[in-house]
Protein chains: 2
Amino acid sequence: MIVTVTLNAAIDVTYRVPRLRPHTTNRVSETAERPGGKGLNVARVLAALGHETVATGFAGGPAGALLRDRLAAVDGVTDALVPISGTTRRTVGVVDASGGGTTMFNEPGPTITSEEWTAFLGVYRKLLDDGARAVALCGSLPPGLPVGCYADLVRDARAAGIPVLLDTSGEPLRRGLAARPDLVKPNAGELAGLTGALEPLRAARDARRRGARAVAASLGPDGLLVLTEDGSVLRARPPAPVAGNPAGAGDSAVAGLLSGLVEGLDWPRRLARAVALSAATVAAPVAGEFDRATYADLLGRIEVGAEDEAC
Amino acid sequence: MIVTVTLNAAIDVTYRVPRLRPHTTNRVSETAERPGGKGLNVARVLAALGHETVATGFAGGPAGALLRDRLAAVDGVTDALVPISGTTRRTVGVVDASGGGTTMFNEPGPTITSEEWTAFLGVYRKLLDDGARAVALCGSLPPGLPVGCYADLVRDARAAGIPVLLDTSGEPLRRGLAARPDLVKPNAGELAGLTGALEPLRAARDARRRGARAVAASLGPDGLLVLTEDGSVLRARPPAPVAGNPAGAGDSAVAGLLSGLVEGLDWPRRLARAVALSAATVAAPVAGEFDRATYADLLGRIEVGAEDEAC
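Residues numbered from 1 in each chain as written. Chains lettered and ligands numbered in written order. Predicted model: local features only at pLDDT ≥ 70, side-chain atom pairs only at ≥ 80, totals over all residues.

This paragraph deals with the overall build of chain A. Across its full length, chain A carries 10 helices and 15 strands. Taking 2.2 N^0.38 as the reference for a compact globule, 311 residues should give roughly 19 Å; the C-alpha atoms of chain A span a radius of gyration of 19 Å, in line with that estimate. Seen along its three principal axes, the alpha-carbon backbone of chain A occupies a region of about 55 × 45 × 35 Å. By the burial criterion, 53% of the 311 residues in chain A qualify as buried. (Helix = DSSP H or I, 4+ residues; strand = E, 2+ residues; numbered from the N terminus. Rg over C-alpha atoms; globule rule 2.2 N^0.38 Å. Buried ≥ 20, exposed ≤ 12 C-beta atoms within 10 Å, placed from the backbone.)

See below:
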């Protein structure tokens, strides 16, 4: 199975309002609640691609109970979340039906105790021993966890000989890189924050020097730029821009890259899958889902090629 | 005891953000959750004034469980909420620390079945029989309830000889008035919506003709205007404007009016209490709480007088 780690899982709440009016009262016409946090989004897409997936991380309180209840309804994802005394965070996305995009409110998340972290490590290491074929470490850290904790999880996976992908930002990414993950998937902003370089290829090279074996930089509507283990550069783009909601598109790219790795696909095919999934997620009416027809249509039409290496 | 009815109870969530940025991602620096809905706010203030209070209405789902858990921690309020199969709504108030006021997102509320409404009527009538001294019917109706349901509750209370206050708006207010509640407490906007008259005294007279025995119109920072049972007009104002958050100020006014009625205070003293509580609620740092020092300070300083009746 593939293991996804979501240390700061969430209930993602979507509110639809006719028109967002700041500093006044907005009546919500529609609400939806689903399991969220990057790693759970990745797990759902992996399962939809047919991969047996185990989701671990933390869940607690009423929102944690709701999350587990909703996760139980997702075919192909096994719940291995560790219970905590705190309460799982909620994110609230307000969709403005008059246009202008989604306004997000992200709660910080529960404080994790050292006993809870130790309990998580036990679950994680058992999953590594029990036949994990790949690991995805995804998203922000909740309060209370050591900033270097992703580095520890990367080292454990590498010691077990299991490929590990890291998708986070800021100091947890910086620390995690030094532990030599097989792949990191920053977006251009995260790469710039890490390296100071605004040019993605230059920044990706810097990230690789810091420890990542390979770097997949997500460039939003422009697709993915990859610096592979052997230092070659590949670029994949959708054939045309896709309109919609980009929430979860990066998580779908992670699922595409990791499933391709587990299936032994070469880099061009991994990239094509990741970019097609990502675009099909933008096209889906529900944030974080992917549209299967769009995926099937795009998969053979992603332009993948070697990038000019001058930089 | 005093009975408060909250048919559309809520968990009131407060998010604090450094600056509200619409159509982008806002990291929430602080969250708070408390029992909400107008009737529960009224119950909390009544209990703080020393009145034994029973809160009924509906609660269900994870948010309902959280609401009951939090309500159990409020001294002096007995939980008589009726369980439902739906999920209690949440309201989200986003406080912009840079100024500009609070942005509210109000979920519509759960759909109430006819069996649940029947169960509620049983609880409500038993409370009327068990020694209720006054009833407050507060707030909006959740989906599924007949629009005339407040009228039924007013009739039941009057049949039992128990004074009843109605604080709602729109069609439920219009229908409820016809059942002759002892007091209604609309704000100027609700009165205008009901009667078409923008001038509060004219609108209050119209509301009284429609059935209310007395009308207390809340005029925001300008205090209260009352048209009493015998047709006289009184006005109460705070001595100076109070800065702060007006959320819950109207509910504190309801608690002031109802507690004064139960204690046999005359109208000027009821009004002074209501206006002082309302202003002390605006002054409190937490929405819906009242600041006791401000209340004590203002109580003797509220200007109450007969209003010019020319209109």
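Moving on from the model shown.
So, on to the sheet that holds strand β4 (residues 30-36) of chain A. With mixed pairing, the 5 strands of this open sheet are ordered in space as β4(A)-β2(A)-β7(A)-β8(A)-β3(B). Either end of the sheet is taken by a strand with one partner, and the two such strands are β4 of chain A together with β3 (25-27) of chain B. With direction set aside, neighbouring strand axes in the sheet form an average angle of 20 degrees. Alignment of strand β7 (residues 89-96) of chain A against strand β8 (residues 102-106) of chain A, held across 5 bridges, turns out to be antiparallel. Residue pairing for β8(A): A:Thr91 is matched across the bridge by A:Asn106. (Pairing = 2+ DSSP bridges. Axes fitted to C-alpha atoms, helices over the stretch in contact; angles between N-to-C directions.)

In this section: unusual backbone geometry. With phi around 65 degrees, A:Arg180 is a residue other than glycine that occupies positive phi space. Within the secondary structure, A:Arg180 is located in the loop between α5 (170-178) and β11 (183-184). Overall, A:Arg180 belongs to the partly exposed group, with 15 C-beta atoms counted inside 10 Å. Notably, B:His23 is not glycine yet its phi reads approximately 65 degrees, a positive angle.

The subject of this paragraph is the interface of chain A and chain B. The interface of chain A with chain B comprises 23 residues on the first partner and 23 residues on the second. Among the secondary structure elements, those contributing two or more residues to the side of chain A that touches chain B are β3 (25-27), α2 (61-72), β7 and β8 of chain A. Looking at the side of chain A that touches chain B, the element that brings in the most residues is β8(A), giving 4 residues. A class-by-class count of the residues in the side of chain A that touches chain B yields 12 nonpolar, 9 polar and 2 charged. Here 3 bridges tie β8(A) to β3(B), and the two strands are oriented parallel to one another. Residue A:Asn106 lies in a different strand from β3(B), and its bridge partner there is B:Arg27. (Contact = placed C-beta atoms within 7 Å. Nonpolar A, V, L, I, M, F, W, Y, C, P; charged D, E, K, R; others polar.)

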